[in-house]
Amino acid sequence: MQRRGFLRGAGLLGAAALAPWPAGCTADDDALTFFFAANPEEADTRMRIVTAFQREHPDIRVRTVLAGGDPTQLISTFCAGGRCPDVLMAWEFNYAGLADRGVLADLNPLLDADPEFAAALHADSIPALYETFGFNGGQYAFPEQWSGAFLFYNTRLFAEAGVPPPPGRWDRPWTFDQFLDTATALTRRAPNGRTTQWGFVDTWSPPYTAAVFGMNNGTPWAVPRFNPTHMNFDDDAFLDGIQFYADLANIHRVAPAASDTQAISTMGLFTAGQAAMAFGGHWRYQTFVQAEDLDFDVAVLPTGPAAAAKGMAARSAIGSTGLSIAATSRHRQQAWEFVKYAAGPVGQSLIGESGLFVPVLKSAISAPGFTEAHAGITNLAVLTGGPSHSEGLPITPEWQKVHALMDRAIGPVLRGKRPAASLKTGLTPQIDEVLATA
C-alpha cells in the first residue's frame, strides 16, 4: 500500500528533527519516543504537530523516530529488544497482530480515567474509523487520518471530449457500465494502435484495488470483519467485481497492463495528462496539485449490478492509520497526553489544514482549514463523506499471511491468465486454513 509505507517500506527523512533509532533507549532517557513512517512532506506535517504539542507541554520532550524499513518488523525488533517506542503509528492491517502479541496497550482504561476527553472524542469520531482499531474488546489505537480510495479525474480531458463528469457524492453512485463507457470514451489510440491516452489508471496496489471493486458489487471482504474465519473470495458478486477490474486492462483496453507502464508509471500518466481517471487516495493529492497544467477533481467509485440491486451507496476503503501506546511504555501518562493531542481536535485541525491528510474527527473535516486546503476541489463531499462511506479490511492477526496469499493468487487474474472464479478453489481454502489458526 504505497503511501502508507508498510508494504513498500518507508525511510525518507523529511525534517531535520527526525533521526534514526539510536543504539538504545537507556534508563535515564526521559524523552517520549514517537515512531512513525512518512514521506518528506508528511514528516514535516507530523513535526508541526509535535512542535505544537511541546509548546503546550514544555515539560514533555518528544523524540521522533522515522521508520527506515518495514515498520511492523522494526516495531517487533525494537520491542523484543526492550527498546519499544512509547507512541507508535498503527496501520489498519497490522495493529491486530501487534495487539495480539501484547505489544500495544489497551487505551480503554486511560479513556475510563479521562471521562471528559472520552465523551468529547466519541461524540466527534466517525464510527467506521474509530471502531477499526477496536480488537477483541480493546481499543488499541485512535485513528489519526483517513487514507481511503476514490477517483481523481482530469477535468480538461472530460470537457474536451464532451463527457459528463463522474458523480461527486457517495450516495449517488454510478454503475460499472457507466464507468466503462466513460473510460472507453476517454481512451485514445494512434493510427498504429498505440494508446496515447488511457481512460483509467490505477495508482494504488492492484490486488487491493480489485478487492475494492469486489466490495463495490455489494459484498464486503469478510463477515464478520473482526477475527473472520472466512473471506468472500468465493462469493460470485465479489468475484464479478474483481473480474470487472481485471477486464478493464485485459479485455476492454481502457487501462494499461503492466507492460504498458514500463516507460512511465500510472502516476506519471495521470500527471502528464495521458490518463483521464486515476484510482488512488488522498495521499496522491499533493503530487497532483503540484503538477503543471493538470486540472483535476475527485469522484466516487462505481458500483456493480449486485450493489445497485441492493440500493447500496458506493464504498471506499478505510485505509486509516492510528496512534498507539506501547504496553511497556515507561512514559504512559506523557504518551497519553500526546495521543490525545494528535488524535484530538487540535492535532486533527493541523492535519486538515496541511492538505496532506483527511482528518478523522467530524469537527476537523468540516473546519474552514480543511476546505481552504482543497480550494481547487469542487466535489469536496468525496473527501468529507469518504470516511463514513468506507468498508474496512478484515481485522485479523494473520493479515500479513492473508496478504501474501492474496497477492500471489490474484496476480494471474489481473494479468488475464486466469478468471476471477479460479479464486474460489485457488485462494479461498488457503485463506480459510490460515484464519483457522488465528
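Keep in mind that what you see is a predicted model, and the values were worked out from it rather than measured.

Each value, and the rule that gives it
- Residues numbered from 1 in each chain as written.
- Predicted model: local features only at pLDDT ≥ 70, side-chain atom pairs only at ≥ 80, totals over all residues.
- Heavy atoms only, no water.
- Helix = DSSP H or I, 4+ residues; strand = E, 2+ residues; numbered from the N terminus.
- Rg over C-alpha atoms; globule rule 2.2 N^0.38 Å.
- Buried < 20%, exposed > 50% of the residue type's maximum accessible area, 1.4 Å probe, protein only.
- Contact = heavy atoms within 4.5 Å.
- Lys, Arg positive; Asp, Glu negative; His and termini not counted.
- Charge placed at Lys NZ, Arg CZ, Asp CG, Glu CD.
- Phe/Tyr/Trp six-rings, centres within 6.5 Å; stacked < 30°, edge-to-face > 60°.
- Pairing = 2+ DSSP bridges.
- Axes fitted to C-alpha atoms, helices over the stretch in contact; angles between N-to-C directions.
- Expected span 1.5 Å × (residues − 1).
- Domains from an automatic or database assignment.
- Buried area = accessible area lost by both parts, 1.4 Å probe.
- Salt bridge = Lys/Arg side-chain N within 4 Å of Asp/Glu carboxyl O.
- Polar contact = N/O pair within 3.5 Å; in protein donor to acceptor, adjacent residues only side chain to side chain.

(A) A look at the overall build of the chain. Helix and strand counts for the chain come out as 21 helices and 15 strands. A globule of 438 residues ought to have a C-alpha radius of gyration of about 22 Å, and the chain, at 22 Å, matches this closely. In terms of principal-axis extent, the alpha carbons of the chain reach across some 70 × 50 × 40 Å. With 438 residues in all, the chain has 59% of them scored as buried. Sequence-distant contacts, at least 24 apart, represent 77% of the contacts inside the chain between residues at least 6 apart. Taken as two groups, the 31 positive and 42 negative side-chain charges of the chain have centres that lie 5 Å from each other.

(B) Seen up close, the packing of aromatic side chains. All told, the structure shown has 37 aromatic pairs when counted by the stated rule. With centroids separated by 6.2 Å and ring planes inclined at 50 degrees, the aromatic side chains of Phe117 and Phe142 adopt a geometry described as tilted. In this pair, Phe117 sits in helix H5 (residues 115-124) while Phe142 sits in strand E6 (residues 142-145), placing the two residues 25 residues apart along the sequence. Both residues of the pair, Phe117 and Phe142, belong to the buried class. A centroid spacing of 5.9 Å and a plane angle of 45 degrees characterise the contact between Phe176 and Phe213, whose relative ring orientation is tilted. Placement of the pair is Phe176 in helix H8 (residues 176-185) and Phe213 in helix H9 (residues 206-215), with a sequence separation of 37 residues. Owing to a relative accessible area of 5%, Phe176 belongs among the buried residues under this scheme.

(C) Representation of the sheet that holds strand E2 (residues 62-66) within the structure. Judged by pairing direction, the sheet is mixed, and its five strands sit side by side in the order E2-E1-E3-E14-E6 without closing on themselves. Each having just a single partner strand, E2 and E6 make up the two edges of the open sheet. Here the average twist between neighbouring strands, direction ignored, is 30 degrees. Both strand E1 (residues 32-36) and E2 contribute to a ladder of five bridges, which runs parallel.

(D) Broad picture of the environment of Gly218. As for its placement among the helices and strands, Gly218 is situated in the loop between H9 and helix H10 (236-250). Taking C-alpha positions, Gly218 is 9.0 Å from Gly241, a pair spaced 23 residues apart along the chain. Those residues in contact with Gly218 that sit more than four places away from it in its chain are Ala307, Lys310 and Met312.

(E) Quick peek at the pairing of strand E3 (residues 87-91). By the criterion of burial, E3 is predominantly enclosed, with five of the five residues buried. Neither face of E3 is exposed, since Val87, Met89 and Trp91 on one face and Leu88 and Ala90 on the opposite face are all buried. The sheet contact formed by E3 and strand E14 (residues 321-325) spans five bridges and is antiparallel. Across the sheet, the residue bridging to Leu88 is Ser324, located in E14.

(F) Summary view of helix H14 (residues 332-343). Counted at 1.5 Å a residue, the expected span for H14 with its twelve residues is 16 Å, and the 16 Å between its end C-alpha atoms agrees. Within H14 the residues assigned to the buried category are Ala335, Trp336, Phe338, Val339, Lys340, Tyr341, Ala342 and Ala343.

(G) Focus on the domain arrangement of the chain. Once the domains are mapped, the chain shows domain 1 (32-147 + 319-389) and domain 2 (148-317 + 394-437). Inter-centroid distance (C-alpha atoms) of domain 1 to domain 2 is 28 Å. A combined buried area of about 2500 Å² lies between domain 1 and domain 2, and 56% of that area is made up of carbon and sulfur atoms. When the buried area of domain 1 at its contact with domain 2 is split by residue, Asn379, Val382 and His389 rank highest and sum to 25% of it. One can count one salt bridge joining domain 1 with domain 2. Viewed at the interface, domain 2 and domain 1 are joined by 13 residue pairs in polar contact (both at pLDDT 80 or more). Of all elements in the fold, only helix H3 (95-100), strand E4 (134-135) and helix H18 (381-384) reach the threshold of two or more residues within the side of domain 1 that touches domain 2. The element that contributes the greatest number of residues to the side of domain 1 that touches domain 2 is H3, accounting for four residues.

(H) Spatial organisation of the side chain of His282. Locating His282 in the fold gives a position in the loop between strand E11 (277-281) and helix H12 (285-289). If near-sequence neighbours (up to four positions away) are discounted, His282 is found in contact with Gly148, Phe150, Gly355, Leu356, Phe357, Val358, His374 and Leu383.

(I) Representation of the sheet that holds strand E7 (residues 149-154). Overall, mixed pairing links the four strands, which are arranged E10-E11-E7-E12 in an open sheet. Edge positions in the open sheet fall to strand E10 (201-202) and strand E12 (296-299), since each of these has one partner strand only. Bridge count between E7 and E12: four bridges; the pairing is antiparallel. Looking at the pairing, Asn154 lines up with Phe296 of E12.

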